[in-house]
Amino acid sequence: MKVWTSVGSPPSKTIHYVLKKFSIEHEQGMKETFEARTEKYKKEVNAKGQIPVIEIEGGYKLTQSRAILAYLLTTFDKDNTLLPRDDPVQMAKVDELFDIQSTWLQSKCQTAMTEIAVNPFMKGADPPTEERKKELLEEVSAAFQILEDSFGEGKYFTGDDLTIADIQMYNQVLMYTRWIGADITTFEKVNGWFKLLAE
């Protein structure tokens with residue numbers, strides 16, 4: 001199996017977690033993230049110029065992290081360790097958490113990511129003023145407060161069993177703490193969950 005991923009991408013980190021956990025043999029398709037923006041990559045791998053991508057049976061190149069994870073877990077996670085396919089309620093919770101992470105949380109934190117991290121480090125733009133940075137991080141904290149309020153009674157977002165959606169959410173939150181300095185220590189449940197997964 002050939003994979004195209006980036007070390008800084010939360011979905012890529014989740015895919016590599018699965019590859020390692022289930023000892024899936026694979027070959028890395030590229031060495032540097034910028035390769036995904038080349039015309040060669042767009043022509044031969046993914047016309048959208050995005051990562052991650054995996055090459056599966058028949059040479060088909062599967063894109064979109066959710067589809068890739070579903071394929072890997074359906075194929076290699078025979079005991080439903082990370083994807084509770086035999087429990088409709090738990091599967092619904094996993095789907096819900098994926099949607100929260102990939103749409104709602106990302107949209108709430110995207111402006112902060114762009115202004116604090118992406119533009120200064122990748123485009124050479126001036127960083128935001130301290131006043132603007134404080135304003136952006138307050139918006140991020142408001143998003144984490146809603147995550148805190150929606151956290152259930154179990155150890156993980158979906159209950160007492162770890163799921164692939166927790167791994168994906170963890171990698172997203174990790175990015176925000178590292179790249180923009182998001183502080184989650186005031187959110188007891190989210191912070192406890194984060195520390196548990198960090199182990």
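Small disclaimer: the values here were computed from a predicted structure and weren't measured. Counting from 1, residues in each chain are numbered in the order their sequence is written. Note on the predicted model: pLDDT of at least 70 is required for a residue's local features to be given, and 80 or more for side-chain atom pairs to be given and counted; whole-chain, interface and lining totals, by contrast, use all residues. With hydrogens and water excluded, all non-hydrogen atoms of the structure serve as input to the side-chain values.

*Asks:* How should a nonpolar patch on the surface be read in this particular structure?
*Replies:* The grouping of Phe121, Met122 and Trp179 at the surface amounts to a nonpolar patch, some 400 Å² of accessible area in total. Strands here mean DSSP runs of E at least two residues long; helices mean DSSP runs of H or I at least four residues long; both are numbered from the N terminus. Within the fold, Met122 resides in helix α4 (residues 88-122). Judged by its relative accessible area of 61%, Met122 falls in the exposed class. Patches here are clusters of residues that have more than 30% relative accessible area and form no salt bridge, with a 9 Å joining cutoff for like charges and a 5 Å cutoff for nonpolar side chains (Val, Leu, Ile, Met, Phe, Trp, Tyr). In these tables, accessible area is a Shrake-Rupley quantity obtained with a 1.4 Å probe, and a residue counts as shielded only by the protein chains included in the view. Any carboxyl oxygen of Asp or Glu that lies within 4 Å of a side-chain nitrogen of Lys or Arg is treated as forming a salt bridge with it. Summary of the burial criterion: residues with accessible area below 20% of their type's maximum are buried, those above 50% are exposed, and those between are partly exposed, where the area comes from a 1.4 Å probe applied to protein chains only.

*Asks:* I tried to follow unusual backbone geometry on my own but got confused; where do I start?
*Replies:* With the exception of glycine, most residues fall at negative phi, and the peptide bonds are largely trans. For the bond running from Ile51 to Pro52, omega is 0°, close enough to zero to count as cis. Turning to its location among the elements, Pro52 is positioned in the loop between α2 (39-44) and β3 (53-55). A positive phi angle is found at Gln64, which is not glycine, with a value near 75°. Along the chain, Gln64 falls in the loop between β4 (61-63) and α3 (65-76). Unlike most non-glycine residues, Asn80 shows phi in positive territory, near 55°. Here Asn80 lies in the loop between α3 and α4.

*Asks:* Please clarify how the packing of aromatic side chains should be interpreted in this entry.
*Replies:* Centre distance within 6.5 Å is the pairing criterion for rings of Phe, Tyr and Trp, where only the six-membered ring of Trp is used; planes under 30 degrees apart are then read as stacked, over 60 as edge-to-face, and the remainder as tilted. Per the stated rule, a full pass over the model turns up 5 aromatic pairs. Each ring, one from Phe151 and one from Phe157, has its centre 4.5 Å from the other, and the planes form 55°; the classification is tilted. Of the two residues, Phe151 and Phe157, neither departs from the other in class, the shared state being buried. Between the aromatic rings of Tyr170 and Phe194, the centroid separation amounts to 4.9 Å while the plane-to-plane angle is 35°, which identifies the pairing as tilted. Here Tyr170, found in helix α6 (residues 164-179), pairs with Phe194, found in helix α7 (residues 188-198); they are 24 residues apart in sequence, far enough to count as distant. Side by side, Tyr170 and Phe194 carry an identical accessibility label, which is buried.

*Asks:* It is not clear to me how the sheet that holds strand β1 (residues 2-4) should be interpreted in this structure. Could you clarify?
*Replies:* Strands pair in a sheet through their backbones, by hydrogen bonds, and they do so in one of two ways: parallel or antiparallel. Here the rule is simple: two strands pair whenever DSSP picks up at least two bridges between them. Spatially, the 4 strands line up as an open sheet ordered β2-β1-β3-β4, and their pairing is mixed. Two strands lie at the open edges of the sheet, namely β2 (27-28) and β4, each paired on one side alone. Pairing of β1 with β3 involves 3 bridges; the strand directions are antiparallel. Residue pairing across strands places Lys2 opposite Glu55, the latter belonging to β3. Residue contacts are counted whenever heavy atoms from the two residues lie within 4.5 Å of one another. Axis lines are fitted to C-alpha atoms, over the contacting stretch for helices. Their N-to-C directions set the angle, which ranges from 0 to 180 degrees. Sheet contacts for α3: β3 and β4; angle to β4, the most-contacted strand, approximately 120°.

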